[in-house]
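Working through the structure, step by step
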Amino acid sequence: MDSSVYVFVEDLRGEGVERVLDRISAYGVRGVTVGAVHHASRDITPHGLSRLTIRREGAHFPPPPDLFSGRRLKPATGHQDALDGLREACTRRGLALHGWTVFLRNATIGAAHPDVTVRDCFGDRGSPADLCPAHPDVREYAVALARAVARLGVDSVVAESLHFRPLKPERSFVPLGPMDAYLFGLCFCDYCMRRAADLGVDAEVAREECARIVGGVLGGDPPAQGEVTRAALTAYAGPDVVAYARARSETVTTLVSEVASAVAAEGSKLVFIDSTGAVKGYRDGLPTPGLAAHDAWQLGVDLVALGDLVPAFGVLAYARDAARVADDVGAYLRSVGKDREVRAVLRPGYPDSDSTDRLVAKARGAKAAGAMAVDFYAYGLVPHPVLDRIPATLAEAF
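Residues numbered from 1 in each chain as written. Predicted model: local features only at pLDDT ≥ 70, side-chain atom pairs only at ≥ 80, totals over all residues. Heavy atoms only, no water.

A closer look at the overall build of the protein
For the protein, the count of helices and strands is 18 helices and 11 strands. The C-alpha radius of gyration of the protein comes to 21 Å, within 12% of the 21 Å expected for a compact globule of 398 residues. Here the C-alpha coordinates of the protein stretch approximately 60 × 50 × 40 Å along the principal axes. Expressed as a percentage of its 398 residues, the buried residues of the protein come to 58%. When contacts within the protein are restricted to residue pairs at least 6 apart in sequence, long-range pairs at least 24 apart make up 77% of them. When the accessible area of the protein is evaluated, it comes to approximately 15,700 Å², of which 52% is carbon and sulfur surface. With 45 positive and 50 negative side-chain charges, the protein shows a spacing of 3 Å between the two charge centroids. (Helix = DSSP H or I, 4+ residues; strand = E, 2+ residues; numbered from the N terminus. Rg over C-alpha atoms; globule rule 2.2 N^0.38 Å. Buried < 20%, exposed > 50% of the residue type's maximum accessible area, 1.4 Å probe, protein only. Contact = heavy atoms within 4.5 Å. Areas by Shrake-Rupley, 256 points an atom, 1.4 Å probe, with all protein chains shown as cover. Lys, Arg positive; Asp, Glu negative; His and termini not counted. Charge placed at Lys NZ, Arg CZ, Asp CG, Glu CD.)

Shown next as structure tokens:
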């Protein structure tokens, strides 16, 4: 069974490529998934060169001039030498190398070009890190970025944030319900509205309805209760809003198709990660009841359609419960097709796993549900004793 460990470039720079790869090789995994393009963050790193690491946003390699020359959107400059020699070092150890790529979460690009970011129902562009997948310049950028990472000689391009993202305000003293937050997070930029209109949706009515509902809650109306489902959303916001939400899937599906084709043309393959599993369980490992595969539509992800276009999928199995991990993996396979490669991404420690036994149970559950690989997230974020659970997990689960 395949496996890998997610690694940040700051891990490689801080501890050294040889030392990190030697340790990862000793875990018994078959590959390394390196953050070739990442978003800015500030992380506690228990065994890093710094215990509080500021991650630089951008591409951690020189972008090929032929791919980005003349383009309006270009990746921010990261650590340009971070991946030097990594492919060769992996080959010497028999490790596969996967290029983890964050596509449409980029505050640097968003700040420089606000018009390519999402626009809410009130006409505000309040999410500068969220690039809209309907914007033509963003779509060209995503395809070029995918080609650039594939040219690094990676065995796969692991795509994160290649879809819409949910609303994530830093502070809110208004108690928005899940459905209110969902409506507030919908993009109503010109390109999204035009695509929806082309599919027969009355986009302006949908925007007006979202503004009316969210505006009412911001003005003191009680927030909506319960999880976001299509049936509940229809009753709460009406058919035009639901139709508009459905139209987002065409935007994402066509973009992912273009990216997958570009990666294949460069001799690699795409592993698509839908962030629904993280949206539901990232903070505490206690995901809300709906399975990730069933709720992926909220981010514009149509897994059934993508199953015909993408060879491999990563399931963010961020849950404490082994049965939930198995259920999420099984639901993904039923959606994308049994012949597709599904990789379960597990967190070996807090907040999901409090012991080796729990991690083993989740890996077994993923395998029993049909996962072809188990990946571990992430090397630099957890203490070495937690990473030391990986060898026993691979040995006992597989």
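Regarding the environment of arginine 71
Its place among the elements puts arginine 71 in the loop between α3 (65-68) and α4 (86-93). Along the backbone, arginine 71 and threonine 45 are 26 residues apart, and their C-alpha atoms lie at a distance of 35 Å. Only 3.2 Å separates the side chain of arginine 71 from the side chain of glutamate 140, close enough to count as a polar contact. (Polar contact = N/O pair within 3.5 Å; in protein donor to acceptor, adjacent residues only side chain to side chain.)

Here's the deal with the pattern of salt bridges
Enumeration according to the criterion identifies 28 salt bridges in this entry. Taking the shortest distance from any N to any O, the salt bridge between glutamate 204 and arginine 207 comes out at 2.7 Å. Of this pair, glutamate 204 and arginine 207 both sit in helix α9 (residues 203-218), 3 residues apart, which is roughly one turn of the helix. Among the residues examined, arginine 207 registers a relative accessible area of 23% and is labelled partly exposed. One network of salt bridges, in which partners are shared, links Asp2, Lys269, Glu341, Arg343 and Asp375. (Salt bridge = Lys/Arg side-chain N within 4 Å of Asp/Glu carboxyl O.)

What to know about helix α11 (residues 239-265)
The α-helix advances 3.6 residues per turn, and as a result positions three or four apart in sequence lie on the same side. Compared with the 39 Å implied by 1.5 Å per residue over 27 residues, the 40 Å span of α11 between its first and last C-alpha is a close match. At the C-terminal side of α11, glycine 267 shows a positive phi close to 85°. (Expected span 1.5 Å × (residues − 1).)

Description of the packing of aromatic side chains
The final tally for this structure, using the stated rule, is 12 aromatic pairs. Ring geometry for tyrosine 6 and tryptophan 100: centres 5.0 Å apart, planes at 80°, overall edge-to-face. Residue tyrosine 6 is located in strand β1 (residues 2-7), and its partner tryptophan 100 is located in strand β6 (residues 96-102); the two are separated by 94 residues in the primary sequence. Grouping residues by exposure puts tyrosine 6 and tryptophan 100 together as buried. (Phe/Tyr/Trp six-rings, centres within 6.5 Å; stacked < 30°, edge-to-face > 60°.)

Observations concerning the nonpolar core
For soluble globular proteins, nonpolar side chains are generally found buried alongside one another. With 124 residues, the main nonpolar core has Phe103, Leu183 and Val259 as its most contacted residues. At 12 residues, α11 tops the list of elements feeding residues into this core. Apart from residues lying up to four places away in sequence, valine 259 is in contact with Phe103, Ala142, Val143, Ala146, Leu162 and Leu270. One finds Tyr6, Ile273, Ala278 and Tyr318 within the second-largest nonpolar core, a separate group that totals 14 residues. (Core = buried A, V, L, I, M, F, W, Y, C linked by side-chain atoms within 4.5 Å.)

Side note on unusual backbone geometry
Along the chain, tyrosine 350 connects to proline 351 via a cis peptide bond; the corresponding omega equals 0°. Along the polypeptide, proline 351 turns up in the loop between β10 (341-346) and α16 (356-369). A cis geometry characterises the amide bond from tyrosine 377 onward to alanine 378, with omega recorded as -5°. The phi dihedral of serine 161 falls on the positive side, at around 60°, and the residue is not glycine. Relative to the elements of secondary structure, serine 161 occurs in the loop between β7 (156-160) and α7 (178-185).

Notes on the packing of α7 against helix α10 (residues 230-237)
Where α7 meets α10, the closest approach of the two axes is 11 Å, and the angle between their N-to-C directions is 80°. Comparing their axes, α10 and α7 come out roughly perpendicular. On the side of α7, the interface is formed by Met179, Asp180, Tyr182 and Leu183, while α10 contributes Ala232, Leu233, Tyr236 and Ala237. Broken down by class, the residue content of the contact of α7 with α10 amounts to 7 nonpolar, no polar and 1 charged. (Axes fitted to C-alpha atoms, helices over the stretch in contact; angles between N-to-C directions. Parallel < 35°, antiparallel > 145°, perpendicular 65-115°, else oblique. Nonpolar A, V, L, I, M, F, W, Y, C, P; charged D, E, K, R; others polar.)

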